Amino acid sequence: MHISPPVIWPRQAGEKYADWVMRCMPVDPERNYPVNHLTAWHGGIHLPHLDLSGVANPVRAIADGVIVYARRPSEKPDDLPLAYQGRTDDGCVLIRHEILVGDRPVLFTFYSLTMHMKQVRGEILSNVGQKVKREQILGTAGYVDGKGAFHFQICCEPKMLEVLSGRIHGGTDTAKPGRSGPVYGKSYYFAPAGVSLHAGDAWLKPNSPAYCISLPLYITDDGSRTIAFHRQADGSYMQSGSTATVRHIVEPSAAIKGVKTWSEWILVSVSGQEGWIDVSSAAVKTYTDADLPDWDGWSIVDDDPTPDSQCNSKRMEKWLAEADGAQGAKLMKSICKFPFEWNSATIDTRFSWVKHKSKAAPDPLTAEEYKVLTNYIGALCFFDKLSGSVQAELSGEIWHFEPRTFITQIQKAERRLLFETKNNMNDFTADDMQHGDMSKEQILQQGKIKLLTRFDFDKTAEEHFAVMEHMARMTAKGKYAPLIAAMIGQFKKNTGGIGRHQLLNEAFLEHKTTRECVAKIKSYISNALSQNGASTLSSGDIDGIENSFIRKDIGTKLPKFDDWDWQNGLGITVHDTFATRIFLDYLNVDKGKYKGRLVFHIQDHFGLDIPDLNGKGFEFISWFCSWFILQRYNKLNYKPFINEATFSWDIEGFI
């Protein structure tokens, strides 16, 4: 992982990352985000101590970064001005983080602040301006207002919100598609009114009965469930239906062939009726978690017109009036704009409202009480101690995040695309994916020595398949022998689309070309980490890995069955591969070692193109000619399909 909680408890077996973060970061409800119990803006959360063993659980850096400010705790936390409402420790550490986000990564910069520490480690105090690594101990939590707790917040400068979300105001712009980079996480779709909802197996028969949806649909697909929403007049979203996720990727419909290389159909439930939507159509817009869609609960809150610390956002006021369950989810995914809290120069601007009677301040402070309060706030401030560049990024109104939600979201964005072929995934427009496009006369013209070709148009489809099945029995032996029979069986069903076989995943995992490819990637990662001081991989490092597949002198070879795999049927069915994508799912670096996981996504076409029948000698093999006739002959027209393998490989090594 590249981000983690500031306090770490052992992760339980099978525990989801988000659940683990929540368990590590319990919150004092009176000092929550984004407003406190006095309905004033509060840029972070207070985490009570949970040192159940009696041993202090240290506070840690949540990600790699640079220490921009660290303050030694005061020796008199029980005295004024710090003890405004009880003992308050003022040790703090501010870290500037630069982190890569998304499969095709962009650089995102943010700040994390730990305040109210009773001890800050010497190596942190003496190394301001130096790097700190994720999970490095910063110190220990102290007290705030007499409670054992510490304040933790995450914020960024205005322009960085656009880097993270693609916008700095309002909700998702459904007039535009989602970003091409970065992308990560769940899939989301917007289907405007008028889009067709098809009954039956629409992915197989696009002309199946359909009706047009009357209201726009906002769809979330997390891989297990697909949920459809309608937008209400007040901007909120009401669930319209939910169903188990089912999707089919097939050849493009006539309407979009030539524009896209595939059609993607998902099953949705709308007002009690299930049907299929082609989410690859031009009318439907596609998004990912990188777009922070508002129908997934995200809100950009910038409607407070006042410069003080009192929360005067109408949207926030409405949410706070709702029931706890409803408001909690909205508050946790709200990104709020207000000034940095730790600037002594803006104290009076931010807090003078407490001197005047209002709904928020029914008992306004006297001049003396106000002085005690501002002395306390001033004792905690440190903005004037920051460098000019950091002050520039944290001046004025900045964006704040609920820390637990932020950490969980950024963790989703860790996966990196290390390499992808020029050939596209899901390409049903390639020549070897065409079907029923040739007459008998056109087929007979194939082959360099036409008198020796084995085209036989007197056979029925069943007889042609029998020739292929005989070939399978004769050429496939051993563990992977069932694969070629399964593929011929799918070809016989004539459904096209994508075929997935667990045995194919295992064949790739066990093949020597995969082992060689993994070894090359591991070597490059080790070298890159050694050169960059055992930090995380940079964009340049990732580019270097991709170049290692392109440059012949380095010689990284992609997994493929091009050796002696004719004996087990793999060389016949998936000999070379058409498209490959390799991801680095995560990378942990610690004490001269690294651990990570590579994820391979490989596709090959179970189909024949015209060059296969010209100059390779296959036109003299009866089963090969039967395959070509079954696929390309316009009176048979059996659809080819895409074989897909997805598998992972855990890696580790020394730096």
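Refer to the structure above for everything that follows.
This text gives an overview of the structure that appears in the document. Bear in mind the structure is a predicted one, so any value in this text is a computation, not a measurement.

Definitions and limits used
- Residues take numbers from 1 onward in each chain, read along the sequence in its written order.
- Where local features are concerned, this predicted model is filtered to residues with pLDDT of at least 70; where side-chain atom pairs are given and counted, the filter is 80 or more; whole-chain, interface and lining totals use all residues.
- To get the side-chain values, take all heavy atoms of the structure and skip hydrogens and water.
- In this text, helices come from DSSP runs of H or I with a minimum length of four residues, and strands from runs of E with a minimum of two, each type numbered from the N-terminal end.
- Note on classification: 1.4 Å probe, protein chains only; a residue is buried when its accessible area is under 20% of the maximum for its type, exposed when over 50%, partly exposed between these limits.
- Contact definition: two residues touch when any of their heavy atoms are within 4.5 Å.
- The Shrake-Rupley method, run with a 1.4 Å probe sphere, supplies the accessible areas, and residue values consider only the shown protein chains as cover.
- By definition here, a salt bridge exists when the distance from a side-chain nitrogen of Lys or Arg to a carboxyl oxygen of Asp or Glu is within 4 Å.
- What makes two strands pair is DSSP finding at least two bridges between them.
- Axis definition: a line fitted to C-alpha atoms, limited for helices to the stretch in contact. Angles are taken between N-to-C directions and run from 0 to 180 degrees.
- Helix span is expected to be 1.5 Å times the residue number reduced by one.
- This arc describes the spread of directions from the helix axis toward the C-beta atoms.
- Between 65 and 115 degrees an angle is taken as roughly perpendicular, under 35 as roughly parallel, over 145 as roughly antiparallel, and anywhere else as oblique.
- Each crossing gets its handedness from the near helix: less than a right angle anticlockwise from the far helix is left-handed, clockwise is right-handed.
- For this scheme, ten residues count as nonpolar: Ala, Val, Leu, Ile, Met, Phe, Trp, Tyr, Cys and Pro. Four count as charged, namely Asp, Glu, Lys and Arg, and the remainder, Gly too, count as polar.
- Each aromatic pair joins two rings of Phe, Tyr and Trp (for Trp, the six-membered one) with centres within 6.5 Å, and gets the label stacked for planes under 30 degrees apart, edge-to-face for over 60, and tilted for any other angle.
- Put simply, buried Ala, Val, Leu, Ile, Met, Phe, Trp, Tyr and Cys residues joined by side-chain atoms within 4.5 Å make one nonpolar core.
- We treat Lys and Arg as the positive residues and Asp and Glu as the negative residues; His and chain ends play no part in the count.
- Disulfides are defined as pairs of cysteine sulfur atoms found within 2.5 Å of each other.

Points about the overall build of the protein chain
Next up, step 1: Secondary structure summary: the protein chain contains 17 helices and 27 strands in total.
Next up, step 2: Expressed along its principal axes, the backbone C-alpha trace of the protein chain runs to roughly 105 × 60 × 40 Å.
Next up, step 3: Counting the 655 residues in the protein chain, one finds 53% classified as buried.
Next up, step 4: A separation of at least 24 residues holds for 70% of the contacts in the protein chain among residues at least 6 apart in sequence.
Next up, step 5: By element, 52% of the accessible surface of the protein chain is carried by carbon and sulfur atoms, the whole surface being about 29,000 Å².

Remarks on the pattern of salt bridges
Next up, step 1: Inspection of the entire model under this criterion finds 33 salt bridges.
Next up, step 2: R632 serves as the salt-bridge partner of D437, at 2.8 Å between the closest nitrogen and oxygen. In this pair, D437 sits in the loop between β23 (416-420) and α10 (440-444) while R632 sits in helix α17 (residues 622-632), placing the two residues 195 residues apart along the sequence.
Next up, step 3: Of the charged contacts in the structure, one is a salt bridge between R597 and D650, with a shortest N-O distance of 2.7 Å. Here the residue R597 occupies a position in strand β26 (residues 593-606), and D650 occupies one in strand β27 (residues 641-654), the gap between them amounting to 53 residues.
Next up, step 4: What emerges from the salt-bridge pattern is a single network uniting D28, E30 and K147.

Here's the deal with the environment of A519
Next up, step 1: Relative to the assigned elements, A519 resides in helix α14 (residues 512-531).
Next up, step 2: A residue is classified by how much of its surface remains accessible, and A519, at 43% relative accessible area, is partly exposed.
Next up, step 3: Spatially, the C-alpha atom of A519 lies 9.1 Å from that of T556, the residues being 37 residues apart in sequence.

Some words on the sheet that holds strand β25 (residues 579-590)
Next up, step 1: Taken together, the five strands give an open sheet; going across it, the order is β23-β25-β26-β27-β24, and neighbouring strands pair in mixed fashion. The open sheet terminates on both sides in strands that have one partner only, identified here as β23 and β24 (498-500). The mean angle between the axes of side-by-side strands here comes to 25°, regardless of whether they run parallel or antiparallel.
Next up, step 2: Pairing of β25 with β26, which is carried by eleven bridges, proceeds in the antiparallel orientation. By the bridge assignment, D590 is partnered in β26 with K593.
Next up, step 3: Where helix α13 (residues 502-510) meets the sheet, it contacts β24, β26 and β27, and its direction lies at approximately 40° from that of β27.

Concerning helix α15 (residues 539-550)
Next up, step 1: Look at α15: 17 Å from first C-alpha to last across twelve residues, which is about the 16 Å you get at 1.5 Å a residue.
Next up, step 2: Within α15 the residues assigned to the buried category are D541, I542, G544, I545, S548 and F549. Considered in projection along α15, the buried side chains sweep an arc of 155° and stay on one side of the axis.
Next up, step 3: Taken together, the buried residues of α15 touch β4 (91-101), β23, α14 and β25.

Structural notes on the environment of V279
Next up, step 1: Its place among the elements puts V279 in the loop between β18 (273-278) and β19 (285-288).
Next up, step 2: V279 gets classed as buried once you look at its relative accessible area, which sits at 3%.
Next up, step 3: On a C-alpha basis, the gap between V279 and A191 in space is 7.9 Å, while along the polypeptide they are 88 residues apart.
Next up, step 4: Every residue in contact with V279, bar those within four places of it in the chain, is listed here: Y189, E264, I266, V284 and T286.

Some thoughts on the packing of helix α1 (residues 17-24) against helix α9 (residues 403-412)
Next up, step 1: At their nearest, the axes of α1 and α9 sit 10 Å apart, and the two run at 150° to each other. In terms of orientation, α1 and α9 fall into the roughly antiparallel class. When you trace α1 past α9, the crossing you get is right-handed. Residues Y17, A18, V21 and M22 of α1 lie in contact with α9, whose contacting residues are R404, I407, T408 and Q411.
Next up, step 2: Residues that form the contact of α1 with α9 fall into these classes: five nonpolar, two polar and one charged.

Let's talk about the packing of aromatic side chains
Next up, step 1: Applying the stated criterion across every chain, the model contains 30 aromatic pairs.
Next up, step 2: A ring pair is formed by W41 and F338, whose centres lie 4.7 Å apart and whose planes are at 15°; its orientation type is stacked. Here F338 lies in strand β21 (residues 334-339) and W41 lies in the loop between α1 and β1 (44-48), a separation of 297 residues in the sequence. F338 shares its class with W41; the two are buried.

Some remarks on the nonpolar core
Next up, step 1: If you look at the biggest cluster of nonpolar residues, it comprises 63 residues, and the most contacted ones within it are F491, L504, I525 and L537.
Next up, step 2: Counting residues per element, this core draws most heavily on α17, at seven residues.
Next up, step 3: Within the second largest apolar cluster, 49 residues are counted, among which are I8, M25, F401 and I410.

Side note on the sheet that holds β19
Next up, step 1: Ordered by their spatial adjacency, five strands build an open sheet running β15-β14-β13-β10-β19, and the pairing between neighbours is antiparallel. Taken across any chain shown, the strands that pair with only one partner, and hence form the sheet edges, are β15 (237-244) and β19. Between one strand and the next, the sheet's axes are offset by a mean angle of 20°, whatever the strand orientation.
Next up, step 2: As defined by bridge partners, strand β10 (residues 187-191) adjoins strand β13 (residues 217-221) across five bridges and the pair is classed as antiparallel. For Y188, the partnering residue across the bridge sits in β13 and is T220.

Some details on the pairing of strand β14 (residues 225-231)
Each regular strand shows side chains that alternate between the opposite faces of the sheet.
Next up, step 1: Relative to β14, β13 is paired through four bridges, and the arrangement is antiparallel. Residue T220 lies in a different strand from β14, and its bridge partner there is I227.
Next up, step 2: Where β13 hands over to β14, the hairpin turn is made up of three residues, of which G223 adopts a positive phi near 95°.
Next up, step 3: When β14 meets β15, the two strands line up antiparallel, connected through seven bridges. Bridged to F229 within β15 is Q239.

Notes on the side chain of K285
Next up, step 1: Examined against the element boundaries, K285 turns out to sit in strand β19.
Next up, step 2: Buried and unpaired, K285 has D173 as its nearest opposite-charge partner, separated by 8.8 Å.
Next up, step 3: Setting aside residues no more than four positions away along its own chain, K285 makes contact with T174, A175, K176, P177, Y188, Y189 and F190.

Comments concerning the state of the cysteines
Next up, step 1: Summed over the entire model, instances satisfying the criterion amount to zero disulfides.
Next up, step 2: Note on C92: no disulfide assigned, nearest cysteine sulfur contributed by C381 at a separation of 10 Å.
Next up, step 3: Residue classification places C92 among the buried residues on the basis of a relative accessible area of 0%.

Structural notes on the pairing of β18
Next up, step 1: Two elements, strand β17 (residues 263-270) and β18, share six bridges in a ladder whose sense is antiparallel. From the neighbouring strand, I266 faces β18, where its bridge partner is I277.
Next up, step 2: Following β17, the chain reverses through two residues before pairing antiparallel with β18; S271 in that reversal takes a positive phi of roughly 50°.

Looking at unusual backbone geometry
Next up, step 1: Look at the link from Y33 to P34: it is a cis peptide, with omega at 0°.
Next up, step 2: Note on placement: P34 falls in the loop between α1 and β1.
Next up, step 3: Residue P182 is bonded to the preceding G181 through a cis peptide linkage, with omega at 0°.
Next up, step 4: The residue P182 is located in the loop between α3 (158-165) and β10 in this model.
Next up, step 5: Positioned with a positive phi, N426 is a non-glycine residue whose angle comes to about 55°.
Next up, step 6: Its place among the elements puts N426 in the loop between β23 and α10.
Next up, step 7: Positive phi, normally seen in glycine, also occurs at N637, with a value near 60°.
Next up, step 8: Here N637 falls in the partly exposed class, since its relative accessible area comes to 30%.

None of this, on its own, says anything about what the molecule does.
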